[in-house]
Amino acid sequence: MKTRQCFRLFALFFSIVWLSGCQLFNQQTNYQPPSTAADINQFTARGKLLLSGNGEKVSGYFYWQNNIDRLELSLNTFVGINLFKMVYQDGVATINADGKEYVGDDPQYLIWQLTGQNIPVKQLSKWMLGQITEGVSDPEFNDKKQLTGFNVRHDSKLWRAKYKSWTPVLNFELPKELDLRATGSRIKLSVSEWQVGR
């Protein structure tokens with residue numbers, strides 16, 4: 001796949017993360033471990049990512065970190081070549097991809113300019129933590145009261161989310177696999193490592 005195509009797909013993924021992840025920033029300075037998943041507002045996740053849409057597909061290892069004042073997201077190929085890196089800090093988004101650097105103060109608009117892609121969802125950071133957000137319909141749960149799936153509509157496109165498995169983190173469990181699908185599009189996250197804070 002051409003580097004530019006990888007960039008367009010990953011930029012679309014980042015735009016989803018940006019709209020939700022930036023909501024997690026706060027001004028807390030004293031660390032206390034979260035007692036439940038609902039208390040999490042800082043996290044680092046590592047794992048595998050698959051993106052497909054418009055006849056294009058890209059996969060690799062992702063690194064996603066939400067801190068109090070910084071958001072970082074990157075994607076590497078399975079042989080370690082960096083395809084995309086985005087950092088948002090102090091009100092400035094910097095994207096490095098395709099051998100170029102892009103800078104803007106409005107990441108959502110910057111991503112739209114670079115990709116021409118519309119954004120399918122706004123709450124992926126919360127969904128990764130297994131939390132229901134506004135606009136979700138038909139939620140389903142397992143016998144542990146963990147979310148197993150839901151629907152969400154954006155721009156007349158219906159997305160279906162499925163949680164494939166959960167993993168222990170501290171004294172609770174977080175999703176290990178999340179699969180989001182809509183007609184012609186798919187985002188699949190498989191988290192191999194969680195680090196969380198409040």
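Just above, that's the structure.
The rules behind these values
- Residues numbered from 1 in each chain as written.
- Predicted model: local features only at pLDDT ≥ 70, side-chain atom pairs only at ≥ 80, totals over all residues.
- Heavy atoms only, no water.
- Buried < 20%, exposed > 50% of the residue type's maximum accessible area, 1.4 Å probe, protein only.
- Helix = DSSP H or I, 4+ residues; strand = E, 2+ residues; numbered from the N terminus.
- Pairing = 2+ DSSP bridges.

## Description of the pairing of strand β5 (residues 92-97)
The side chains of a regular strand alternate between both faces of the sheet.
Reasoning step 1: Here β5 shows a clear split, with Ala 93, Ile 95 and Ala 97 buried on one side and none of Val 92, Thr 94 and Asn 96 buried on the other.
Reasoning step 2: Strand direction decides the pairing type here: strand β4 (residues 82-89) and β5, joined by 6 bridges, are antiparallel. Its bridge partner being in β5, Val 87 is matched across the sheet by Thr 94.
Reasoning step 3: The hairpin formed by β4 and β5 contains 2 residues between the paired strands, and Asp 90 there has a positive phi angle of roughly 55 degrees.
Reasoning step 4: Sheet analysis places β5 next to strand β6 (residues 100-104), joined by 5 bridges and oriented antiparallel. Among the inter-strand pairings, Ile 95 is bridged to a residue of β6, identified as Tyr 102.
Reasoning step 5: Connecting β5 to the next strand, β6, in antiparallel fashion are 2 residues, including Asp 98 with a positive phi near 60 degrees.

## Some points on the environment of Ala 97
Reasoning step 1: One can find Ala 97 in strand β5.
Reasoning step 2: Remark: the alpha-carbon pair of Ala 97 and Lys 85, spanning 12 residues in sequence, is separated by 6.6 Å.

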